[in-house]
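Structural description and commentary
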Amino acid sequence: MAQRGTAAESSIDRKRINELTEAQMARFRELTPTSAERFERATKVMPGGVPSSFQLNDPWPVYIDRGEGALVWDVDGREYVDFHNGFGVMCIGHANPAVGKAVTERHARGTHFAAPTDGSIEVAGELANRFGLPQWRFSNSGTESTMSAVHLARGATERDLIIKIEGSYDGHHDAVMVSCYPDLDELGPRESPTPIPFGSGYPDAVVQLTRPVPFNDAEILEGIFARHAGKIAGLIMEPAMMNINIIPPRDGYLERVRELCSEHGTILIFDEVKTGATISYGGATQRFGVQPDVVCLAKAICGGYPGGAIGMTAELGEVVASDKVHQIGTFNGNPLVMAAAEATLTEVLTPDAYEKLEATNKALLERCQEVIDRHGLPAYTEGLGAKGCVIFSPERMYEYRDYLTKVDGDLSTLAWLYHMNHGIFMTPGVEEEWTLSIAHDQEHIDRYVAAFESFAADVSS
Ligand SMILES: Cc1ncc(COP(=O)(O)O)c(C=O)c1O
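Residues numbered from 1 in each chain as written. Predicted model: local features only at pLDDT ≥ 70, side-chain atom pairs only at ≥ 80, totals over all residues. Heavy atoms only, no water.

In this structure the tally under the stated criterion is 13 aromatic pairs. A centroid spacing of 6.3 Å and a plane angle of 85° characterise the contact between tyrosine 281 and tyrosine 354, whose relative ring orientation is edge-to-face. Here tyrosine 354 lies in helix α13 (residues 351-375) and tyrosine 281 lies in the loop between β8 (267-271) and α10 (283-288), a separation of 73 residues in the sequence. You can call tyrosine 354 buried: its relative accessible area is 7%. Three or more aromatic residues link up through ring pairs in this structure, and these residues are Phe392, Tyr418, Phe452 and Phe455. Sitting over the face of the ring of tryptophan 73, arginine 66 holds its NZ or CZ atom 4.1 Å from the ring centroid. Above the ring of tyrosine 281, the side-chain terminus of arginine 130 is found at 4.0 Å from the ring centroid. (Phe/Tyr/Trp six-rings, centres within 6.5 Å; stacked < 30°, edge-to-face > 60°. Helix = DSSP H or I, 4+ residues; strand = E, 2+ residues; numbered from the N terminus. Buried < 20%, exposed > 50% of the residue type's maximum accessible area, 1.4 Å probe, protein only. Lys NZ or Arg CZ within 6 Å of the ring centre and 35° of its normal.)

Along the chain, the position of leucine 260 falls in helix α9 (residues 253-263). Placed 35 residues apart in sequence, leucine 260 and phenylalanine 225 show a C-alpha to C-alpha distance of 7.9 Å.

Taken together, the residues surrounding the ligand are Ser141, Gly142, Thr143, Tyr169, Asp170, Gly171, Glu238, Asn243, Asp271, Val273, Lys274 and Lys299. The separation between an oxygen atom of the ligand and a polar side-chain atom of threonine 143 is 2.6 Å. Contact distances for the ligand include 2.9 Å between an oxygen atom and a side-chain N or O atom of asparagine 243. Starting from 390 Å² of accessible surface for the ligand in isolation, the protein chains cover 85%. For the shell around the ligand, the residue count by class is 2 nonpolar, 5 polar and 5 charged. (Near = heavy atom within 4 Å. Polar contact = N/O pair within 3.5 Å; in protein donor to acceptor, adjacent residues only side chain to side chain. Areas by Shrake-Rupley, 256 points an atom, 1.4 Å probe, with all protein chains shown as cover. Nonpolar A, V, L, I, M, F, W, Y, C, P; charged D, E, K, R; others polar.)

Below you can see the structure in the form of structure tokens.
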């Protein structure tokens, strides 16, 4: 399992969890023999048998054949309702006809020139409307978006230090591969957490330029600003944490972060790679009503094509336009990706679509909460827009240290196995959440709740 472990055990008996996990794991193996065969072939040509380490899974990944609407089919021909949705990308539903038509038409007129096309102007304009920032550039992934944002903050301020949130994943470039999922004994004091590299390959000198802070605590942030006065280029944060289940901001927290960044001349960067096109028409920026200096986007904005975007103020746009900071890339604004993004943003993920996503999510969250309450599970539900999850903690979480010490990783893993074995395709590991698409409706929600009910009944019996 791609589990970045938590240290907590809930009130559910370990022996019971272990027995059920063994039984469900055996069932998983029985149901996915062709994936096992693919895994054997894949490991000969790809490390771990996967194109990205976030796809690693125990005993093997489920290899997917195709998808349509809210459904996917694996290489064994099993049908699942997709709540994984490509790590939060496919809010438009699989094989969306509007996006398919736009991309096909664009393909017939040529797919790549490395010169600007009308699509990039349209998409930049649409993003400016949604996120309240006037200037936009494009990238090919969330990693590239947050990398450009960090370059921009450092270049514009001529400072070196970056603040990031402890327990947040903001992509895999050096400046942010710090304190993503540190272990309990590595954390250091809460008021001054130790920067811990996420894996190997990052020079210590670079790691030390990134200062982690706990989420939802403006006082600690204030202390860090005071200790490093005049040195902090940028603060990068997910406005609602979405890589350790979902943690929304406390009331007033983002407003205070905004004030502190303005006071200290620090660029406030919202990493909206996950929240961007999923939690409202204008992402977290609109939903929480706090305006950052830079917004990083990727995932859902391009309807399943590999693209990202960086929004910025007019002043920061000047820093890029003058080429003081080089924001570059052969495939930036690729016409196919722009065609997909334009159709996604203007034809599919319209204000009405967000209303539907919100309503479907609310129904699913309420029904899961009802199951939790009826079975007395040590868990609660959390959700925003198209995103939601059951969090296996008896108490609400506010930051990564809560996640590490309160979330029952074994129980989360067991729930994942029940879902997969009951035809619900879910993100592996403990830390993720579900993402709905506009194709999800009552029948799909019923299937999710039935799988969750069977898990809840078995663990509480
Ligand atoms: C919040 C956040 N930022 C950045 C990234 C990196 O995006 P990508 O995988 O497209 O590089 C991710 C990926 O999951 C993410 O969740």
